[in-house]
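Below are the chains, spelled out letter by letter.
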Amino acid sequence: MTGLPVRPEFEGRSPYGAPQVPAAHRLNTNENPYPLPDALLADLGAALGAAALDLNRYPDRDAVALRTDLAAFLSRSGTAVTPAQVWAANGSNEILQQLSQLFAGAGRTALGFTPSYSMHPLITAATGGTFVDGHRRADFTIDPEAAVAQVRELRPDVVFVTSPNNPTGTAVDLATVTALYEATEGVVVVDEAYAEFARPGTPSALTLLAGRPRLVVSRTMSKAFGMAGLRLGYLAADPAVVDALQLVRLPYHLSSLTQAAARTALAHTEALLATVDAVTHERDRIVAAMPGLGLTSVPSDANFVLFGGFADAPAVWQALLDRGVLVRDVGLPGWLRVTAGTPAETDAFLTALGEAVDQVG
Ligand SMILES: Cc1ncc(COP(=O)(O)O)c(C=O)c1O
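As the structure is a computational prediction, the values presented were derived from the model and not from experiment.

1. Describing the packing of aromatic side chains
Consideration 1: This model, assessed by the stated rule, comprises six aromatic pairs.
Consideration 2: Note on phenylalanine 73 and phenylalanine 225: the rings are 5.1 Å apart at their centroids and 75 degrees apart in plane angle, and the pair reads as edge-to-face. Of the two residues, phenylalanine 73 is situated in helix α2 (residues 64-75) and phenylalanine 225 in the loop between β7 (215-220) and β8 (233-237); the sequence distance between them amounts to 152 residues.
Consideration 3: Accessibility expressed as a relative area gives 1% for phenylalanine 225, which makes it buried.
Consideration 4: With 5.0 Å between their ring centres and 80 degrees between their planes, tyrosine 194 and phenylalanine 304 make a pair best called edge-to-face. One end of the pair, tyrosine 194, is in the loop between β6 (187-191) and β7; the other, phenylalanine 304, is in strand β10 (residues 304-308), and 110 residues separate them in sequence.
Consideration 5: One aromatic cluster is present, built from ring pairs that chain together Phe307, Phe310 and Phe349.

2. A word on the UniProt feature "modified residue: N6-(pyridoxal phosphate)lysine" (unreviewed entry) in the chain
Consideration 1: Under the UniProt annotation, the feature "modified residue: N6-(pyridoxal phosphate)lysine" (unreviewed entry) is placed at Lys223.
Consideration 2: Structurally, lysine 223 can be placed in the loop between β7 and β8.
Consideration 3: Contact partners of lysine 223, with chain neighbours within four places excluded, come to Thr29, Asn30, Asn32, Ala193, Tyr194 and Phe197.

3. Brief notes about the pattern of salt bridges
Consideration 1: All chains considered together, the criterion is met by 12 salt bridges.
Consideration 2: Of the charged contacts in the structure, one is a salt bridge between arginine 263 and aspartate 69, with a shortest N-O distance of 2.7 Å. Within this pair, whereas arginine 263 is found in helix α8 (residues 256-267), its partner aspartate 69 is found in helix α2, the two being separated by 194 residues in sequence.
Consideration 3: Given a relative accessible area of 37%, arginine 263 falls into the partly exposed group.
Consideration 4: Of the charged contacts, one joins aspartate 143 and arginine 137 as a salt bridge, the two residues approaching to 3.9 Å between their closest N and O atoms.
Consideration 5: For aspartate 143, a relative accessible area of 27% gives the class partly exposed.
Consideration 6: Taking the relative accessible area as the measure of exposure, arginine 137 reaches 39% and is therefore partly exposed.

Conventions adopted
Residues numbered from 1 in each chain as written. Predicted model: local features only at pLDDT ≥ 70, side-chain atom pairs only at ≥ 80, totals over all residues. Heavy atoms only, no water. Phe/Tyr/Trp six-rings, centres within 6.5 Å; stacked < 30°, edge-to-face > 60°. Helix = DSSP H or I, 4+ residues; strand = E, 2+ residues; numbered from the N terminus. Buried < 20%, exposed > 50% of the residue type's maximum accessible area, 1.4 Å probe, protein only. UniProt positions renumbered as here; feature names shortened; annotations may be inferred. Contact = heavy atoms within 4.5 Å. Salt bridge = Lys/Arg side-chain N within 4 Å of Asp/Glu carboxyl O.

Written out as C-alpha cells, the structure reads:
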C-alpha cells in the first residue's frame with residue numbers, strides 16, 4: 001500500500017477523518033456550537049497562568065485532583081463514584097485506546113455492534129486485536145438475544161456498547177447491557193460520550209457499576225461540556241480496572257495544562273451544561289421536521305440525528321454543502337447524520353435540506 005513495512009492489519013484501512021472542509025455551518029462532528037461562558041474564559045486564563053509557573057515539572061501522574069472533581073461530577077447523577085473508580089486521559093479516544101491495550105491486543109477479540117463509533121474497530125486493530133461486527137436489527141437497535149448468542153459463541157475479550165449510539169443516536173437499554181455482561185467473561189465498555197443529551201428516563205450504565213468489576217463506562221468533556229478542544233475523556237469502573245490501566249498509560253500522559261483547564265471547566269459545570277437543553281430542543285426540532293420533508297430519522301438520545309430515506313445520500317450531502325451546510329456521510333446507504341446546534345443552524349440546515357431534496361429527489 002505505502003511501500004512501508006506497515007503491520008498487515010492496517011492494509012486497506014483509512015484513518016479516522018471527518019472532512020474538515022470550510023462551510024458556513026459545520027454540523028458534522030457533534031461539537032457543541034455555543035461559546036464558552038465569559039466567566040469560565042477568565043478563570044481559564046488565571047488557572048492556566050498559574051499552572052504554567054510549574055511547567056518545568058512533570059504533571060501529577062495520577063491526576064488525583066482532577067479525578068476527584070470528575071468523581072464528584074458523576075456522583076451528582078445519584079450514583080456515588082469515588083476518585084479511585086475514575087481515570088482520565090486525552091479524550092475518550094485515549095481512554096478507549098488504553099482499555100484496548102489492556103484488554104484486547106494481539107490474539108484477542110473485541111465485539112462491537114456496527115454501525116457504531118468508527119474508532120472502536122480502528123483502536124482494536126491499532127492495539128493488535130481483532131474486531132468483530134455484532135448484529136443490529138434493521139432499525140439499528142440491538143437484539144439482546146442475538147447479541148448474547150453472538151457473545152457466547154465468539155467469547156470476546158472486550159464488548160463495546162455505544163450508548164447513545166453514534167451514528168444512529170439511540171441509547172441502549174440497561175437490560176441489554178446487563179445481559180451482555182452476564183454472557184461474557186470479557187470487559188464490557190459502555191461508551192457514553194453523549195450520555196448528557198439522553199432523553200429523560202434514560203439511565204446511565206453508571207447505575208450498573210456496583211458489583212460488576214468487568215464493566216467500564218467511558219465519558220468525555222468533548223460533547224455536552226462543549227470542550228472538544230480540551231481533549232479530556234474519562235471512565236468510571238471498579239478501582240481494580242483503574243489500577244490495571246497504570247500498566248499501559250504513558251507516564252505523565254495528561255499535561256498539567258490539561259488537568260488545570262479540565263478542573264476549571266468542571267467548576268463551571270452548571271453554566272456549561274446549561275446548553276444541553278437548548279441543543280436537545282434543536283435535535284427534537286430536526287426530528288419533528290423530517291416527515292414534512294418526506295424523510296425519516298432514527299430516535300435520538302444524542303446531539304445529532306441520523307436522517308434518511310435518500311436514494312443517493314452522497315448527492316444530498318453535496319447539495320447541502322453547496323448551500324453551506326456540512327453534515328456527515330457516515331457510509332450508511334440512504335442515511336446522513338447532522339449535529340444539532342443553535343436555532344440558526346437548524347434553520348439553515350432545514351432550509352438547505354428542503355432545497356437539496358427538491359434538487360436531488
Ligand atoms: C461514541 C464516541 N465515543 C468517543 C468519542 C471520542 O471523543 P473524544 O476523544 O473527543 O472524547 C466520540 C467522538 O466523536 C464518539 O462519538
